[in-house]
Amino acid sequence: MIRYIVNRGQTEGGYREFLKIAFPLILSTGASSIQHFVDRMFLTWYSTEAMAAALPAGMTNFVLASFFMGIASYINTFVAQYTGAGLPRRVGPSLWQGGYLSAISAIASIGLFILSAPIFNFIGHEPTVRNYEIVYFSTLCFGIPFLILSTSLSCFYSGQGKTWTVFNVNVGATAVNILFDYGLIFGNWGFPMWGIRGAAWATNIAQIFAAFVFCVLLLRRKYQRKFATLSGWRFDRKLFERLLRFGGPNGVTFMLDMMSFSLFIIIIGRSGTVQLTATNLAFNVNILAFMPLMGAGIAVSTMVGQRLGQNRPQA
């Protein structure tokens, strides 16, 4: 058994290759977990009601974002398959379709922003918590397109198995989020004291930072020449339809998962602010456990995608 495990680690598609791709992604999603943890911790120091409002508002906002994220993450499969097939000039156009998807998500987020107050008035949590929820939810809507864009662009690296770059960008975004959290929630370093609105804007700024860094990296000349990261800007109807066809079910599944969590939190919130705060704290700790495993899933999809691109399904 031990010999089998050792040998399996050395073979193609074995544990060593998996860990080489997965380890930075596990650390990367772990950094995102830490970001959420610190965000909630600062809000606990600011206000119990704000802390109680952050999770239901954040989760409800993420229900829409998760649909587009689920589709955008499928670009990882496209990049992996084109890399395996030796078609690097198809990688750039795939990334651009993710950009067009983020533009569509911007339109959807505007609609969500308009519905902020009716949604939480219908949910019916305590008035103070409800007001915080509306502020947090509506402010996060501005960051959804940048979240989808950074998710799409990160697939350039994860799809090729170059996952340390994804880790570095996400760690940078986490640091940006924490710094702006401390400044904008409490009014430190000359920033206005925005409380829960500041926490939401810190998240938005971190997402803008990640999207901007990925754009700068991908527009380097070596990538433009090899992967058509600039010349592949045109909307490709067939490629976009393929993205929706294969990524759509992934997006719906992810959205339904997030919706179930969100509904649970909403129901708990109707029991009272103390119960909602306690649930928020429990979820805040729990997210440290399950988020890193998402990185392992991305690694497996990269390995499978590259083998299929090489027309070696048996591998």
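Residues numbered from 1 in each chain as written. Predicted model: local features only at pLDDT ≥ 70, side-chain atom pairs only at ≥ 80, totals over all residues. Heavy atoms only, no water.

**Concerning the overall build of the chain**
- Looking only at helices and strands, one finds 13 helices and zero strands in the chain.
- N-terminal to C-terminal, the α/β element order of the chain is α-α-α-α-α-α-α-α-α-α-α-α-α.
- Taking 2.2 N^0.38 as the reference for a compact globule, 315 residues should give roughly 20 Å; the C-alpha atoms of the chain span a radius of gyration of 20 Å, in line with that estimate.
- Expressed as lengths along the three principal axes of its C-alpha atoms, the size of the chain is roughly 60 × 50 × 40 Å.
- In the chain, which comprises 315 residues, the proportion classed as buried is 50%.
- On the chain, roughly 14,900 Å² of surface is accessible, and the fraction owed to carbon and sulfur atoms is 68%.
- Placing the 23 positive and 10 negative side-chain charges of the chain at their respective mean positions leaves the two points 17 Å apart. (Helix = DSSP H or I, 4+ residues; strand = E, 2+ residues; numbered from the N terminus. Rg over C-alpha atoms; globule rule 2.2 N^0.38 Å. Buried < 20%, exposed > 50% of the residue type's maximum accessible area, 1.4 Å probe, protein only. Areas by Shrake-Rupley, 256 points an atom, 1.4 Å probe, with all protein chains shown as cover. Lys, Arg positive; Asp, Glu negative; His and termini not counted. Charge placed at Lys NZ, Arg CZ, Asp CG, Glu CD.)

**What about helix 12 (residues 237-269)?**
- Roughly 45° is the biggest bend found in helix 12, and it falls at Gly-247, with proline Pro-249 one to four residues downstream.
- All of the buried residues in helix 12 are Leu-239, Phe-240, Leu-243, Gly-247, Gly-248, Gly-251, Phe-254, Met-258, Ser-262, Ile-265, Ile-266 and Gly-269.
- Its side-chain oxygen 3.2 Å from the backbone nitrogen of Lys-238, Asp-236 forms the N-cap of helix 12. (Bend = angle between axes of the 7 residues up to and from the residue. Polar contact = N/O pair within 3.5 Å; in protein donor to acceptor, adjacent residues only side chain to side chain.)

**A closer look at the packing of aromatic side chains**
- Under the criterion given, the structure shown has 24 aromatic pairs.
- Considering the side-chain rings of Phe-42 and Tyr-182, the 5.9 Å spacing of their centres and the 50° angle between planes classify their relative orientation as tilted. Taken together, the residues span a long stretch of sequence, with Phe-42 in helix 2 (residues 15-46) and Tyr-182 in helix 9 (residues 163-186) at a distance of 140 residues.
- Between Tyr-157 and Tyr-223 the ring centres are 6.2 Å apart and the planes differ by 75°, which places this aromatic pair in the edge-to-face class. Separated by 66 residues along the polypeptide, Tyr-157 in helix 8 (residues 144-158) and Tyr-223 in helix 11 (residues 221-227) bring together distant segments of the chain.
- Look at Tyr-157 and you get buried, because its relative accessible area is 1%. (Phe/Tyr/Trp six-rings, centres within 6.5 Å; stacked < 30°, edge-to-face > 60°.)

**Points about the nonpolar core**
- Leu-95, Tyr-136, Phe-156 and Tyr-157 are the most contacted members of the largest nonpolar core, which totals 70 residues.
- No other element matches the 14 residues that helix 3 (residues 48-72) contributes to this core.
- Setting aside anything within four residues of it in sequence, one finds Tyr-136 in contact with Asp-39, Arg-40, Ala-54, Ala-57, Gly-58, Ile-196, Ala-199 and Ala-200. (Core = buried A, V, L, I, M, F, W, Y, C linked by side-chain atoms within 4.5 Å. Contact = heavy atoms within 4.5 Å.)

**Some remarks on the environment of Val-300**
- Note on placement: Val-300 falls in helix 13 (residues 273-309).
- The exposure class assigned to Val-300 is partly exposed, which follows from its relative accessible area of 38%.
- Taking the C-alpha atoms as reference points, Val-300 and Leu-19, separated by 281 residues in sequence, lie 9.9 Å from one another.

**Brief notes about helix 7 (residues 127-140)**
- The first and last C-alpha atoms of helix 7 sit 20 Å apart over 14 residues, in line with the 20 Å expected at 1.5 Å per residue.
- Residues Val-129, Glu-133, Ile-134, Tyr-136, Phe-137, Ser-138, Thr-139 and Leu-140 constitute the buried set of helix 7. (Expected span 1.5 Å × (residues − 1).)

**A word on unusual backbone geometry**
- At Trp-189, a residue that is not glycine, the phi angle is positive and equals roughly 60°.
- Tracing the chain through its elements places Trp-189 in the loop between helix 9 and helix 10 (196-218).
- Despite not being glycine, Ala-228 shows a phi value in the positive range, around 55°.
- Turning to its location among the elements, Ala-228 is positioned in the loop between helix 11 and helix 12.
- The class for Ala-228 is buried, based on a relative accessible area of 4%.

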